[in-house]
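The primary structure of each chain is shown beneath.
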Amino acid sequence: MIPAAEINILKKPKKSKDDFRVLYNQYFEQIFDFVFRKCNDYETAGDLTSNVFVKAWQSLNEFKYEGVPFSAWLYRVASNECNSFFRKQKNVRFLSIDETGLHQIAEEIETGLTEAYLNQIPDLLEQLETSEINLIELRFFERFSIREIAYQLNLTESNTKVKLHRTLKKLKKIICP
Amino acid sequence: MNRVKVISRTEIDPKKRAAFKDFDQLESKIASPKRGWKHWRYYSVLAAVSAVSVLLIYLTKFADNHSSPSSGKVIEAEAPHPPSHEVISIPKRQQQNPSSEPILSEKFSSTDDKQQETTLRTESSRKIPSMEEEVPSMEETSSHVERVDEVMPVTDPATYQYVKAKPNMSIQAFYKLLGDSLHHKYHAEGKVGIRFKVQKDGQLSQFTIVSSLDAKADSLVIGLFEQLPPWQPATVNDSPVVSYAEVPFVFQDPD
């Protein structure tokens, strides 16, 4: 649930610095974790997070509250910032996986929960393209709803579903040819 | 294409994360102006400030070179009026020290005139004792110094002519008269300075002792001057004015 105070701030046509401080204190941890899972380095994550909030402040008045949570907008800024960072720096991009995410993927692929398959999946994920990995990450490891993913990637919801389905199909093909 | 490395999720240390949570630092990052060629406004301000500072340095360094030629021009403009005898004109003084205020209004230049007269009068007073030496019988060698106290009407400095007050006789005769009248009346060594007012009709009044020798000498000198015949009053452009005169009266021991 979004707190009422935050909605009041977001509905303001002009946000002051103190308003932004409230939002910063609210969302810093989430954004930092999100960035950290991608770069696996505290220093880089700190830099990128501060960049994210600077950009968010600069275009805060452009944000209009239309039912989409402010966090989704911040995640969008953060993922764009990370993508541009990895593109420029040619650094290794990390994908932090956990067991629940892997189990979900296995369920979607309908391969059964055999340990052999589960151990294969991390290697298989590395063979995917970047956009596909982003999609998988947002859906299964960050656990966003389809709607939020669509908002972040600037796609329609149905298009997001289609892309996700194709990606899973591709994975299935690699596992069981 | 970026290489993607799949890792198992690690727990984030909240202490390390909190180290990066600093809103004030973020605020300074937001407030600091961006650098780059696109932000020409900042550079234009810098350039303007540096240009002004260079101009100031130039002005302070070469101010003397600039000011002296301008004052020189003013002198040239006022120089053509030649100083007459006993009449002191301003240009002569200004040529002596051109660094002083270059432009003076007419009102101020007339007051300058007065100062100039006093300086020149002291010069003439130095000459007079040498004249007195030629008169062997004189006990007292003296000169008279005048000062105009009355505010002069503002006139054109070119035509302004001030003639100081003087006795109705020649200066040598005047001092001979003084010496004869006090001869052998009082024996002392020293000088008594007397200052008095010369009215428009030449009458002398308001005697005051400027430099005192002793009480008897002072009263003798005042008594002498009270009996003097009227003087020729000082004139400005041939019209008489009130003026003051100072005369040093020197007592010498005849032995």
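Predicted, not measured: the structure shown is a model, and the values here were computed from it.

### Some remarks on the side chain of Ser50 of chain A
Next up, step 1: Structurally, the position occupied by Ser50 of chain A is in helix α3 (residues 42-58).
Next up, step 2: Apart from the residues lying within four places of it in its own chain, the contact partners of Ser50 of chain A are Leu26 and Lys29 of chain B.

### Brief notes about the interface of chain A and chain B
Next up, step 1: Chain A puts 41 residues into the contact, and the matching count from chain B is 25 residues.
Next up, step 2: Summed over both sides, the interface between chain A and chain B buries roughly 3200 Å², with carbon and sulfur atoms accounting for 63% of that surface.
Next up, step 3: Counting the surface chain A buries against chain B, the share from its top three residues, Lys17, Tyr24 and Tyr42 of chain A, is 18%.
Next up, step 4: The interface formed by chain A and chain B includes three salt bridges.

### Some details on the confidence of the model for chain B
Note: predicted coordinates in regions of low pLDDT should not be interpreted at a detailed level.
Residues and elements named next belong to chain B.
Next up, step 1: Summing up the model confidence of chain B, the mean pLDDT is 69 and the portion of residues at 70 or higher is 57%.
Next up, step 2: Mean pLDDT across the elements of chain B ranges from a minimum in helix α6 (residues 106-133), with 46, to a maximum in helix α3 (residues 40-61), with 88.
Next up, step 3: When the criterion is pLDDT under 50, residues 92-111 qualifies, and its contacts beyond four places in sequence or with other chains add up to 21 contacts.
Next up, step 4: On the interface metric, ipTM, the complex scores 0.72, and its pTM is 0.48.

### Comments concerning helix α5 (residues 99-109) of chain A
Given 3.6 residues to a turn, an α-helix orients residues that are three or four positions apart in the same direction.
All names here are of chain A.
Next up, step 1: Taken residue by residue, α5 has Gly101, Leu102, Ile105, Ala106 and Ile109 as its buried positions. Taken around the axis of α5, the buried residues stretch over an arc of 140 degrees, which confines them to a single face. Away from its buried face by more than 90 degrees, α5 exposes Glu99 and Glu107.

### A closer look at the packing of aromatic side chains
Next up, step 1: By the definition in use, this model includes 23 aromatic pairs over all chains.
Next up, step 2: For the ring pair Phe174 of chain B and Trp231 of chain B, a centre distance of 5.5 Å and an interplane angle of 90 degrees mean the geometry is edge-to-face. In this pair, Phe174 of chain B sits in helix α7 (residues 171-181) while Trp231 of chain B sits in the loop between α8 (215-226) and β6 (234-236), placing the two residues 57 residues apart along the sequence. Just as Phe174 of chain B is buried, Trp231 of chain B falls in that class too.
Next up, step 3: Each residue in the set Phe20, Tyr24, Phe28, Phe32, Phe36, Tyr42, Phe53 and Trp57 of chain A together with Phe20 and Phe23 of chain B is aromatic and connected to the rest through ring pairs, giving one cluster.

Cut-offs used in this document
Residues numbered from 1 in each chain as written. Chains lettered and ligands numbered in written order. Predicted model: local features only at pLDDT ≥ 70, side-chain atom pairs only at ≥ 80, totals over all residues. Heavy atoms only, no water. Helix = DSSP H or I, 4+ residues; strand = E, 2+ residues; numbered from the N terminus. Contact = heavy atoms within 4.5 Å. Buried area = accessible area lost by both parts, 1.4 Å probe. Salt bridge = Lys/Arg side-chain N within 4 Å of Asp/Glu carboxyl O. pLDDT = per-residue confidence, 0-100. Buried < 20%, exposed > 50% of the residue type's maximum accessible area, 1.4 Å probe, protein only. Arc of directions from axis to C-beta. Phe/Tyr/Trp six-rings, centres within 6.5 Å; stacked < 30°, edge-to-face > 60°.

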